[in-house]
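# Structural characterization, general
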Amino acid sequence: MNKILRIKKSDDKETSKKEIEKFARQFALPLQKQVIEAFRLADEEKYEEAAGLCCRILDEDDSKPDIMELLGQCYFAQGNMAGAAMVFHELVEINPENAGYHCSLGMAYHGIGEFEEAVKQFKAAGPMGQYRPFYYTSYGDCLQKIGKEKESREMFGMELDRYVETGEILLAELLDGVFQNVLYLDISLANGKYKEDLELYLHFLSRIEMTEKMQENLASTVVYLSTQMRNKWYRPLFRELIDYISRKNYLRTEGTKETLKSAFIIWESYRFHDDRKVSKIMDTGLNAIYNIRYTLKDIPWMEDREDIQRDALISEWNLCRYVPGHLEEIKYIQENYPYNYECSRKFLERVKHDPEQTAKEVLEELQKLSGHQTLHEWKVFLEDEYSQMNAEGRAEVLVDGWEPYRRKGVKVGRNDPCPCGSGKKYKKCCGK
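Attention in this report is confined to the structure presented alongside it. (Residues numbered from 1 in each chain as written. Predicted model: local features only at pLDDT ≥ 70, side-chain atom pairs only at ≥ 80, totals over all residues. Heavy atoms only, no water.)

### Some remarks on the overall build of the protein
Using the following cut-off: Secondary structure elements are defined from DSSP: runs of H or I of at least 4 residues count as helices, runs of E of at least 2 residues count as strands, and each element is numbered from the N terminus. Only protein chains enter the accessibility calculation, which uses a 1.4 Å probe; a residue whose area is less than 20% of its type maximum is buried, one above 50% is exposed, and one in between is partly exposed. Whether two residues are in contact is decided by their heavy atoms: any pair within 4.5 Å suffices. Surface accessibility follows the Shrake-Rupley procedure with a 1.4 Å probe radius. Residue values consider only the protein chains on display as shielding.
Tallying secondary structure elements over the protein gives 20 helices and two strands in all. When burial is assessed residue by residue, the protein has 48% of its 432 residues classed as buried. Here the contacts in the protein between residues at least 6 apart in sequence split such that 62% fall between residues at least 24 apart. As displayed, the protein has an accessible area near 22800 Å², and 47% of this comes from carbon and sulfur atoms.

Here it is as structure tokens:
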């Protein structure tokens with residue numbers, strides 16, 4: 001916290017103490033001890049006490065911006081972004097030329113979700129003369145939130161440039177978040193930098209301790225990047241990434257292992273959605289079982305939870321009708337899509353053992369979910385639904401459990417340079 005008084009890191013504690021005492025002498029005698037105490041508490045990370053003392057000092061003398069800045073930094077440390085925004089907004093009005101105030105106000109606005117206002121403050125701050133942790137990441141995230149992906153990639157890239165230049169990891173979780181966004185934007189923009197940045201990311205992972213927190217961060221990165229499989233060229237690269245993570249055994253907690261397993265399931269789902277040997281009923285049925293096992297379990301507050309649950313149960317009922325006469329297809333899925341088969345194995349075995357009883361249980365679950373319809377009404381509806389689905393072709397949209405698969409982003413021609421950055425044509429690289 002003594003950086004507020006522009007005290008260099010190389011100064012020893014005695015020098016720091018003298019600088020604070022010198023600053024305190026600017027106040028009336030009764031306040032001088034309180035000023036020294038406020039900085040001491042902040043240095044000892046007793047931010048709540050320090051903030052309270054700052055408020056009492058400012059009630060007596062609000063002429064010194066350094067005390068207001070100390071108060072704002074204490075609010076930051078406590079996670080009180082609204083309080084920090086209020087303090088730094090006042091400081092910006094006092095001294096609109098101070099880039100640091102604009103930067104801090106931008107980060108406070110970022111923390112309370114005012115992304116456009118945050119971007120205005122970051123722009124007002126201009127190029128930072130010295131490195132400030134969280135500046136580029138906050139700026140980049142705000143730009144991404146308001147749809148300015150190219151500018152966002154530039155900001156996150158500046159944070160990575162510093163890492164490449166210094167090799168310094170101030171906070172592994174922070175830098176991991178930077179990599180997550182850089183890789184995502186590389187794919188969205190198809191800028192040819194993905195492979196280079198991925199290599200840097202894998203080197204970063206090899207350098208850090210894979211704590212439980214880092215495992216959660218890495219699992220979050222896997223989830224985030226999996227949504228980019230709507231870009232067909234990225235799918236083989238995503239498989240390479242999760243294969244690498246699996247080989248290195250980076251994800252070891254129960255929750256993160258389930259996330260990795262889920263990523264393999266979703267990768268397979270893109271493949272069997274295009275596989276003419278897998279029927280529409282089987283496609284939607286496997287997706288339904290995935291939703292019941294993962295989506296509904298992990299996101300119990302989802303607004304459309306009942307709709308997803310109902311659709312999943314309808315698909316399960318269809319499987320009860322379909323599976324007994326298509327055991328060869330089940331075997332094909334087991335051999336070619338092992339993760340999806342394993343996810344669905346218990347339900348499929350129940351169906352093979354007693355399809356009528358399993359269908360009855362699914363029907364009862366449906367009736368409980370929508371109590372206004374009788375079992376007979378449900379059965380009539382399901383028979384009609386099954387007949388229609390059996391007569392239709394392949395589904396046009398794949399729901400992978402995290403988001404629907406629809407074409408978005410840049411369309412890549414077969415003779416275009418591959419977006420991954422290999423330098424080869426797409427048809428001879430990721431488009432094989």
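### With respect to the nonpolar core
Spelled out, the test is: The nonpolar core is taken to be a set of buried Ala, Val, Leu, Ile, Met, Phe, Trp, Tyr and Cys residues, with the residues joined through side-chain atoms within 4.5 Å.
Formed by 73 residues in total, the largest nonpolar core has its most connected members in F204, L205, Y234, F238 and M282. If you tally residues by element for this core, the top one is helix α10 (residues 172-189), at nine residues. The contact partners of L205, leaving out residues within four places of it in the chain, are D176, M210, L218 and Y250. Core analysis: the next-biggest nonpolar cluster, separate from the first, contains 47 residues, I20, F39, L41 and A51 among them.

### Some details on the environment of N181
Inspection of the secondary structure puts N181 in helix α10. The spacing of N181 and Q144 is 37 residues in sequence and 9.1 Å in space, taken between C-alpha atoms. With residues up to four places along the chain from it excluded, the contact list for N181 reads Q144, F156 and Y224.

### Points about the environment of D197
To be explicit about the condition: Counting of polar contacts relies on pairs of N or O atoms within 3.5 Å, with two restrictions inside protein: one atom must be capable of donating a hydrogen and the other of accepting it, and residues adjacent in sequence are counted only when both atoms are side-chain atoms.
Checked against the element boundaries, D197 lands in helix α11 (residues 194-207). Discounting residues that sit within four places of it in the chain, D197 has contacts with R153, L160, F179, V182, L183 and D186. Separated by 3.0 Å, the side chains of D197 and R153 make a polar contact.

### Some thoughts on the packing of helix α13 (residues 235-248) against helix α14 (residues 254-273)
So the rule is basically this: With axes taken as lines fitted to C-alpha atoms, and helix axes fitted only over the stretch in contact, angles between N-to-C directions fall between 0 and 180 degrees. Note that the term roughly parallel is reserved for angles under 35 degrees, roughly antiparallel for angles over 145, roughly perpendicular for angles of 65 to 115, and oblique for everything else. When the near helix sits turned anticlockwise from the far one by under a right angle, the crossing is termed left-handed; a clockwise turn instead gives a right-handed crossing. Only Asp, Glu, Lys and Arg are considered charged, only Ala, Val, Leu, Ile, Met, Phe, Trp, Tyr, Cys and Pro nonpolar, and every remaining residue, Gly among them, polar.
The N-to-C vectors of α13 and α14 enclose an angle of 155°; their axes lie 11 Å apart at closest approach. Relative to α14, the element α13 lies roughly antiparallel. Taken as a pair, α13 and α14 cross one another with a handedness that is left-handed. Judged by residue contacts, R235, P236, F238, R239, I242, D243, I245 and S246 of α13 engage L260, A263, F264, W267 and Y270 from α14. Here the residues of the contact of α13 with α14 sort into nine nonpolar, one polar and three charged.

### Here we look at the packing of aromatic side chains
Operational definition: Two rings belonging to Phe, Tyr or Trp (six-membered ring only in the last case) form a pair when the distance between their centres is within 6.5 Å. Interplanar angles under 30 degrees mark stacking, angles over 60 mark edge-to-face geometry, and anything in between is tilted. Either the NZ atom of lysine or the CZ atom of arginine qualifies as a charge over a ring when it sits within 6 Å of the ring centre and within 35 degrees of the ring normal.
Throughout the structure, instances matching the rule amount to 21 aromatic pairs. Arranged with centres 5.9 Å apart and planes meeting at 85°, the rings of F23 and F39 form a pair that is edge-to-face. Taken together, the residues span a long stretch of sequence, with F23 in helix α1 (residues 13-24) and F39 in helix α2 (residues 29-43) at a distance of 16 residues. Residue class for F39 comes out buried when judged on its relative accessible area of 0%. Ring centres of Y163 and F204 lie 6.2 Å apart, and the angle between their planes is 90°; on these two criteria the pair is classed as edge-to-face. On the criterion of sequence distance, the pair formed by Y163 in helix α9 (residues 149-166) and F204 in helix α11 is long-range, its members being 41 residues apart. Of the two residues, Y163 and F204, neither departs from the other in class, the shared state being buried. An aromatic cluster is present here, built from F122, Y135, Y136 and Y139 joined pairwise through their rings. Positioned over the ring face of F27 is K64, at 4.9 Å from the centre of the ring.

### Here we look at a nonpolar patch on the surface
Heads up, the rule is: Patch membership requires over 30% relative accessible area and the absence of a salt bridge. Like charges are linked within 9 Å, and nonpolar side chains (Val, Leu, Ile, Met, Phe, Trp, Tyr) within 5 Å. We define a salt bridge as a contact between a side-chain nitrogen of Lys or Arg and a carboxyl oxygen of Asp or Glu at a distance within 4 Å.
A surface patch of nonpolar side chains, about 270 Å² in accessible area, is lined by F134, L170 and L171. Among the secondary structure elements, L170 is positioned in the loop between α9 and α10.

### A word on the pattern of salt bridges
Throughout the structure, instances matching the rule amount to 21 salt bridges. The closest approach of N and O atoms between D186 and R153, which form a salt bridge, is 2.8 Å. Taken together, the positions of D186 in helix α10 and R153 in helix α9 put the pair 33 residues apart, joining distant regions of the chain. A residue is classified by how much of its surface remains accessible, and D186, at 0% relative accessible area, is buried. Salt-bridge contacts for D311 lead to R310; the nearest nitrogen and oxygen are separated by 4.0 Å. A single network of salt bridges, built from pairs that share partners, joins E37, R40, E44 and K46.

### Some remarks on a negative patch on the surface
Cut-off, in case you're wondering: In this tally, Asp and Glu contribute negative charge and Lys and Arg positive charge; neither His nor the terminal groups of the chain are included. For the purpose of locating charges, the reference atoms are NZ of Lys, CZ of Arg, CG of Asp and CD of Glu.
Together, D59, E60, D62, E90 and E93 line one region of the surface with negative charge. Elements with a contribution of two residues or more to the negative patch: α3 (47-60) and α5 (81-94). Checked against the element boundaries, D59 lands in helix α3. Of the residues examined, D59 reaches a relative accessible area of 67% and is grouped as exposed.

### Here's the deal with unusual backbone geometry
Notably, E45 is not glycine yet its phi reads approximately 65°, a positive angle. As for its position among the elements, E45 is in the loop between α2 and α3. Of the residues examined, E45 reaches a relative accessible area of 58% and is grouped as exposed.

### Remarks on the state of the cysteines
This is how it is decided: Criterion for a disulfide: a pair of cysteine sulfur atoms within 2.5 Å.
For the coordinates displayed, the defined rule picks out zero disulfides. We note that C55 lacks a disulfide partner, and the nearest cysteine sulfur, in C54, lies 7.0 Å from it.

### Here we look at the packing of helix α4 (residues 65-78) against helix α6 (residues 99-111)
Where α4 contacts α6, the two axes come as close as 12 Å, and the packing angle between them is 25°. It follows from the interaxial angle that α4 and α6 lie roughly parallel. In terms of crossing hand, the pair formed by α4 and α6 is left-handed. Of the residues in α6, those touching α4 at P65, E69, Q73 and F76 are Y101, S104, M107 and A108. For the contact of α4 with α6, the residue count by class is five nonpolar, two polar and one charged.

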